Amino acid sequence: MTISSFLRGCAASREIAVFTRSREAAKGLRFVRSIMFLALALLGGASPSWADSSMAVAPYANTALADPAKEAEAKALMESVRCLVCQGRSLIRKRIAAGEQPEAIRAYLIRSYGDWVSYKPVFDWATAPLWIAPLLFVMTGLWLARGRFRRRKR
Amino acid sequence: VKRFWLWAPLGVFVVFVLTVAWSLYRPDDRLHPSKMIGQPFPATALAAAASDRPPFAAKTGEARLVNVFASWCVPCIAEARVLGDLAASGVRIDGVAIRDKRADVDRFLAKNGNPYRTIGLDADSSVQIAIGSSGVPETFVVDGKGIIRFQHIGEITPADVDVVLAKLREAR
């Protein structure tokens, strides 16, 4: 459903309304038309024709690689990396197809955009507390529990 | 000593709450500056994006602005006038058209003015990703040695001109 065909549909129903003499019938038609308008608007909104643009689609953006193993590698990397410019997938596929390692591509993206671009958390000074704190909590818990059990035994 | 251990959990809890509260109320920074500032501009060869301009000059030997734009980008239209004024005052501006077509770029430039010396067509955003740009428009100050010195995210408004010009002067 394109916008133009939708508008054409509206014009057609208006013509019918003009030729209908009875007011009641016209009223009914108007109701039907408004329902149709709603339905079409919803349909049209969901159809991809609204998103169609003259924008050049980057090659590989929406095409899978021919080699399933490489496509799987590309897909795994895409899922753990932020959608850069929303067509960044094409770059990932192109580089995987050229035989690059996923982690090398991730490193390349991090070099351009920083850690922000990767969903795979890194271990460094800023993130160390996040990794270590749970271990500390578990250890403290075990130590406390040990103290409890000892006291109870006595 | 015993009293200290009695209060310790509460202390940890208070620190936790304060950290969370501080993070929640800290102003959110949604801009993601490029990590390529201080790094050389990639030497990727880009085809000409417009019929009346040469392909993108990867090396120029002079400080310049590299404007990342697109014919389908609405803020780029608003920015075009500011860029035109900058070009008229002698600033060298080179353009990188993202995911575009030559006919569309030609139409865009005919309508909104053409401040660019050279324009490259970055059809698959590879250069955009290599310079850490995450949208259009963005403008990079690149010095004579080809090192990226500054990144302006979003369109250059008349209010931003002074900062951009100052950064360009520093890069000279």
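Residues numbered from 1 in each chain as written. Chains lettered and ligands numbered in written order. Predicted model: local features only at pLDDT ≥ 70, side-chain atom pairs only at ≥ 80, totals over all residues. Heavy atoms only, no water.

Enquirer: So what about the overall build of chain B? Which residues, and what values?
Expert: In terms of regular secondary structure, chain B is built from five helices and six strands. If you list the helices and strands of chain B from N to C, you get α-β-β-α-β-α-β-α-β-β-α. When contacts within chain B are restricted to residue pairs at least 6 apart in sequence, those whose partners lie at least 24 apart make up 74%. (Helix = DSSP H or I, 4+ residues; strand = E, 2+ residues; numbered from the N terminus. Contact = heavy atoms within 4.5 Å.)

Enquirer: Pulling in residues and values, what's your account of the pattern of salt bridges?
Expert: Considering all chains together, one arrives at twelve salt bridges over all chains under this definition. Between Asp124 of chain B and Lys94 of chain A there is a salt bridge, and its shortest N-O distance comes to 2.1 Å. One end of the pair, Asp124 of chain B, is in the loop between strand E4 (119–122) and helix H4 (126–130); the other, Lys94 of chain A, is in helix H4 (residues 88–97), on a second chain. Using a relative accessible area of 13% as the deciding quantity, one classes Asp124 of chain B as buried. Classification of Lys94 of chain A by relative accessible area gives partly exposed; the value is 36%. A salt bridge links Asp52 of chain B to Arg53 of chain B; the shortest N-O distance between them is 3.7 Å. (Salt bridge = Lys/Arg side-chain N within 4 Å of Asp/Glu carboxyl O. Buried < 20%, exposed > 50% of the residue type's maximum accessible area, 1.4 Å probe, protein only.)

Enquirer: Summarise helix H3 (residues 68–79) of chain A; cite the residues concerned and give the values.
Expert: Residues and elements named next belong to chain A. With twelve residues, H3 ought to run about 16 Å at 1.5 Å a step, and its terminal C-alpha atoms sit 16 Å apart, in line with that. Regarding H3, the residues found buried are Glu71, Ala74, Leu77 and Met78. One side of H3 carries all its buried residues, which in axial view fall inside an arc of 125°. Turned more than 90 degrees away from the buried face of H3 sit Pro68, Ala69 and Glu79, all of them exposed. Of the residues flanking the start of H3, the one acting as N-cap is Asp67, its side-chain oxygen 3.0 Å from the backbone nitrogen of Ala69. (Expected span 1.5 Å × (residues − 1). Arc of directions from axis to C-beta. Polar contact = N/O pair within 3.5 Å; in protein donor to acceptor, adjacent residues only side chain to side chain.)

Enquirer: Kindly report on the nonpolar core, identifying the contributing residues and their values.
Expert: Inside soluble globular proteins, nonpolar side chains tend to come together where they are buried. In terms of nonpolar packing, the biggest core is built from 26 residues, with Leu65, Phe69, Leu109 and Ile119 of chain B touching the most fellow members. If you list the elements that add at least two residues to this core, you get strand E2 (64–69), helix H2 (74–88), strand E3 (93–98), helix H3 (102–112) and helix H5 (161–171) of chain B. Other than its neighbours up to four places away in sequence, Leu65 of chain B contacts Leu86, Val91, Arg92, Ile93, Asp94, Thr139, Phe140, Val141, Val164 and Leu168 of chain B. Counting residues in hydrophobic clusters, the runner-up holds 15 residues, among them Leu65, Ile96 and Leu109 of chain A together with Ala130 of chain B. (Core = buried A, V, L, I, M, F, W, Y, C linked by side-chain atoms within 4.5 Å.)

Enquirer: So, the sheet that holds strand E1 (residues 47–48) of chain B: which residues are in play, and what are the values?
Expert: The strands making up a sheet associate through hydrogen bonds between their backbones, and the pairing can be parallel or antiparallel. Residue and element names in this part refer to chain B. Reading across the sheet, the six strands line up as E1-E4-E3-E2-E5-E6 and stay open at both edges, with mixed pairing between neighbours. Every interior strand has two partners, whereas the edge strands, E1 and strand E6 (148–153), have only one. Pairing between E2 and strand E5 (residues 138–142): five bridges, direction antiparallel. Opposite Arg64, over in E5, you have Val142 as the bridge partner. The sheet strands contacting H3 are E1, E2, E3 and E4, and the helix crosses E2 at an angle near 115°. Sheet contacts for H5: E2, E5 and E6; angle to E6, the most-contacted strand, approximately 170°. (Pairing = 2+ DSSP bridges. Axes fitted to C-alpha atoms, helices over the stretch in contact; angles between N-to-C directions.)

Enquirer: Can you break down the state of the cysteines residue by residue, with the values?
Expert: Residue and element names in this part refer to chain B. Across all of its chains, the model carries one disulfide over all chains by this definition. A sulfur-sulfur distance of 2.1 Å marks the disulfide that ties Cys73 to Cys76. With the S-S dihedral at roughly 90°, the linkage between Cys73 and Cys76 falls on the right-handed side. Cys76 shares its class with Cys73; the two are buried. (Disulfide = S-S within 2.5 Å.)

Enquirer: Any details on the confidence of the model for chain B? Residues and values, ideally.
Expert: Chain-level statistics for chain B give a pLDDT mean of 91 and a share of 100% at 70 or above. The ipTM assigned to the predicted complex is 0.70, against a pTM of 0.67. (pLDDT = per-residue confidence, 0-100.)

Enquirer: Can you tell me about the pairing of E2 of chain B, naming the residues and giving the values?
Expert: One face of the sheet, then the other: side chains in a regular strand alternate in exactly this way. All names here are of chain B. With respect to burial, E2 is a largely interior element, six of its six residues being buried. Burial along E2 is two-sided: the face carrying Arg64, Val66 and Val68 and the face carrying Leu65, Asn67 and Phe69 are both buried. Both E2 and E3 contribute to a ladder of five bridges, which runs parallel. Pairing of Val66 across the sheet is with Asp94, part of E3. Taken together, E2, H2 and E3 form a β-α-β motif whose crossover is right-handed. (Right-handed = clockwise from strand over helix to strand, strands pointing away.)

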